Amino acid sequence: MNGLNRKSTILLVLSLIVLILMAVFSSQNYLLFSFGFLIVTLGVYFWRFEKSQHNSKEIVFIAIICALAVVGRIIFAALPSVKPEIFILIMGAVVSGPETGFLMGTIIALTSNMYFGQGVWTPWQMFALGVIGLISGLMSDGVPKWLLVVWGFFSGFLMGWIMDIYYIIGYVDPITIKSIFTSIMASFYFDFVHALFTGVLLLFVGKRWIKLFNNYKRKYDLF
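Along each chain, residue indices are assigned from 1 in the same order as the chain's sequence is written. Whole-chain, interface and lining totals are the exception, using all residues; otherwise, since this is a predicted model, local features are given only for residues with pLDDT of at least 70 and side-chain atom pairs are given and counted only at 80 or more. Neither water nor hydrogens contribute to the side-chain values; these are computed over all heavy atoms in the structure.

1. Here's the deal with the overall build of the protein
Think of it this way: any DSSP run of H or I at least four residues long counts as a helix, any run of E at least two long counts as a strand, and we number them from the N terminus. The helix and strand tally for the protein stands at nine helices and zero strands. Put simply, the protein runs from its N terminus to its C terminus through helices and strands in the order α-α-α-α-α-α-α-α-α. Here the protein holds 223 residues, and the buried ones make up 48% of them. Contacts between residues were defined by any pair of non-hydrogen atoms, one from each residue, lying within 4.5 Å. Across the protein, contacts joining residues at least 24 apart in sequence account for 78% of those joining residues at least 6 apart. About 11,000 Å² of surface is accessible on the protein, with carbon and sulfur atoms providing 71% of the total. For every residue, the accessible area (1.4 Å probe, protein chains only) is compared with the maximum for its type, and the residue is labelled buried under 20%, exposed over 50%, or partly exposed between those bounds. What sets the accessible areas is the Shrake-Rupley method with a 1.4 Å probe; for residues, cover comes only from the shown protein chains.

Printed below as a string of structure tokens:
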């Protein structure tokens, strides 16, 4: 595991500020917050590459990962919670690092919602996938398969829990321990299916995808 560096911490703090502002201003101007979220992420990301000579090639890699995740989410649109976007995001982030992982997560959520529909939930999904990408990027390329599978399974629930917070803040009244528990249990089945599907993909093809992405990384000397 790699340590959480300064830029990764800044990404998390700024993202939380965006979500707090979302909660304060309710559902108004959600697209403004969504693109503001993306601009913040891009700003920190390109700060990392201020002296880099490989920007264009790395952006191509990011575009490939995001396109695969978005297309995968759309293809499985008819099957609730059976979506490969977390699997693809984890693979790309393990190879590219935490800041890139966060960026890819936010892009995947924003762009795929151009198909599924934008709304006040979009910044929350951007944050959820961004955090998953960031944590995945803290793992080294040689991460054991069992840890990869466990993290993939947990990440399905992590995304669900973050979206539960959005739902509880926006729609649950009054907010009590009972109402919070009821909201979490209502989404448990969907979170479990998402987690299981992600874990199974990582179990059977995770290491192959990491090897594939690593070949691209070494060939073009990226990240």
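2. As for the packing of aromatic side chains
Only rings of Phe, Tyr and Trp enter the pairing, Trp through its six-membered ring, and a pair is recorded when the two centres are within 6.5 Å. The plane angle decides the type: under 30 degrees is stacked, over 60 is edge-to-face, the rest tilted. In total, this model carries 17 aromatic pairs according to the counting rule given. For the pair Tyr115 and Phe116, a centre-to-centre distance of 5.1 Å together with 85° between the ring planes defines the contact as edge-to-face. Every member of this aromatic cluster is reached through a ring pair, and the members are Trp151, Phe153, Phe154, Phe157, Trp161, Phe188 and Phe192. Here, over-ring charges are defined by two tests on the NZ atom of lysine or the CZ atom of arginine: distance to the ring centre within 6 Å, and angle to the ring normal within 35 degrees. A cation sits over an aromatic face here: Arg73 above Phe116, 4.4 Å from the ring centre.

3. A word on the environment of Ile135
Mapped onto the elements, Ile135 comes out in helix H6 (residues 122-137). Judged by its relative accessible area of 27%, Ile135 is partly exposed. Each C-alpha atom of the pair Ile135 and Gly101 lies 8.0 Å from the other, and the pair is 34 residues apart in sequence. Apart from residues lying up to four places away in sequence, Ile135 is in contact with Trp151 and Leu158.

4. Here we look at the nonpolar core
We call a set of buried residues a nonpolar core when its members are Ala, Val, Leu, Ile, Met, Phe, Trp, Tyr or Cys and they connect through side-chain atoms within 4.5 Å of each other. If you look at the biggest cluster of nonpolar residues, it comprises 50 residues, and the most contacted ones within it are Ile90, Met91, Leu129, Ile132 and Leu148. Counting residues per element, this core draws most heavily on helix H4 (residues 85-96), at nine residues.

5. Focus on the packing of H4 against helix H5 (residues 98-116)
The relative placement of two packed helices comes down to the angle between their axes together with the axis-to-axis distance. Angles shown run from 0 to 180 degrees and are taken between the N-to-C directions of axes, each axis being a line fitted to C-alpha atoms and, for helices, limited to the stretch in contact. Contact pair H4 / H5: the axes reach a minimum separation of 8 Å and the direction vectors enclose 155°. Here H5 runs roughly antiparallel to H4, going by the angle between their axes. Both H4 and H5 take part in a crossing whose hand is right-handed. Facing Glu85, Leu89, Gly92, Ala93 and Ser96 of H4, the residues of H5 in contact are Thr100, Gly101, Met104, Gly105 and Ile108. Note on terminology: angles under 35 degrees are roughly parallel, angles over 145 are roughly antiparallel, angles of 65 to 115 are roughly perpendicular, and the others are oblique. Here is the rule for handedness: rotate from the far helix to the near one, and if that takes an anticlockwise turn smaller than a right angle the crossing is left-handed, while a clockwise turn gives right-handed.

6. A closer look at the side chain of Ser179
Note that Ser179 resides in helix H8 (residues 177-186). Its relative accessible area of 14% is what places Ser179 among the buried residues. For Ser179, the residues in contact, after removing those within four places along its chain, are Val172 and Pro174.

7. Observations regarding a nonpolar patch on the surface
Two distance rules govern patches: like charges are joined within 9 Å, and nonpolar side chains (Val, Leu, Ile, Met, Phe, Trp, Tyr) within 5 Å, applied only to residues with over 30% relative accessible area and no salt bridge. By definition here, a salt bridge exists when the distance from a side-chain nitrogen of Lys or Arg to a carboxyl oxygen of Asp or Glu is within 4 Å. The grouping of Phe153, Phe181, Met185, Phe188, Phe192, Leu196, Val200, Leu203 and Phe204 at the surface amounts to a nonpolar patch, some 830 Å² of accessible area in total. Counting only elements with at least two residues in the nonpolar patch, the list comes to H8 and helix H9 (188-219). At six residues, H9 tops the list of elements feeding residues into the nonpolar patch. Following the sequence through the fold, Phe181 ends up in helix H8.

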